[in-house]
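A look at the structure
Chain by chain, the residues run as shown.
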Amino acid sequence: MEKFTQIQSAAVPLYMEDIDTDQIIPARFLKATTREGFGENLFRDWRYISNDQINKDFILNNPSYGGEILVAGHNFGCGSSREHAAWAISDYGFKVVVSSFIADIFKANALNVGLLPVQLTRPQLAIIFEHISEQADTKFKVDLEAQTFSILITDHSFSFEISKYKKDCFLKGHDDIDFLLSIKDDIESYEKNIPAFL
């Protein structure tokens, strides 16, 4: 997993609410067991019309918008627990997902692949959407150490929560296995000093 400390980027706005995992990555594309290649089918049924022509009205196909931050409406990542949804968003190139509510299972899956879920309040999300609608290339700063999401052209800076363990993993570029390997000596020392069971 790549280290994540902070990024500055524009954002892609998805104004819709209740975006579920089947909309993020349709079930017919869940044929692989590795994380690579899912980005090309991210929001497939919204990005393309029935004959596989690009849907010019969908935000990801609008060249005015880009960046490593996806800003979505309330209740993002609901529905089935497929981890492929987080894989697809990460593989497409997003490093942060922002919403006023992110489904718990999606949030856990995102954290496991290095995709940072930032949950803010509805009023804070509305401010972010407003700035993007006024200026498509509005830049934002995500500072994991400070746990803040800031709009760079304003004095708006919003705090977000993340578990201490996952924050530490992101800052060090560790997944769960990397973390265990990093404390291997401590584990071995502990095992040597516990009483043997009869």
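Please read all numbers here as calculations on a predicted model, not as lab measurements.

1. Quick notes on the side chain of N109
- Checked against the element boundaries, N109 lands in helix α4 (residues 104–112).
- With residues near it in sequence (within four places) discarded, N109 still touches S81, R82, E83 and A86.

2. Some remarks on the pattern of salt bridges
- Using the criterion set out here, one finds seven salt bridges in the structure.
- Among the ionic pairs, R28 bridges to D45, the shortest N-O distance being 2.5 Å. Here D45 lies in helix α2 (residues 44–47) and R28 lies in the loop between α1 (21–24) and α2, a separation of 17 residues in the sequence.
- For R28, a relative accessible area of 46% puts it in the partly exposed group.
- Here D168 makes a salt bridge to K172, at a shortest N to O gap of 3.3 Å. Of this pair, D168 and K172 both sit in helix α6 (residues 164–172), four residues apart, which is roughly one turn of that helix.
- Assessed through its relative accessible area of 27%, D168 is described here as partly exposed.
- What makes K172 partly exposed here is its relative accessible area of 46%.
- Shared partners join several salt bridges into a network, and the residues in it are E2, E68 and K95.

Reading the values: the criteria
- Residues numbered from 1 in each chain as written.
- Predicted model: local features only at pLDDT ≥ 70, side-chain atom pairs only at ≥ 80, totals over all residues.
- Heavy atoms only, no water.
- Helix = DSSP H or I, 4+ residues; strand = E, 2+ residues; numbered from the N terminus.
- Contact = heavy atoms within 4.5 Å.
- Salt bridge = Lys/Arg side-chain N within 4 Å of Asp/Glu carboxyl O.
- Buried < 20%, exposed > 50% of the residue type's maximum accessible area, 1.4 Å probe, protein only.

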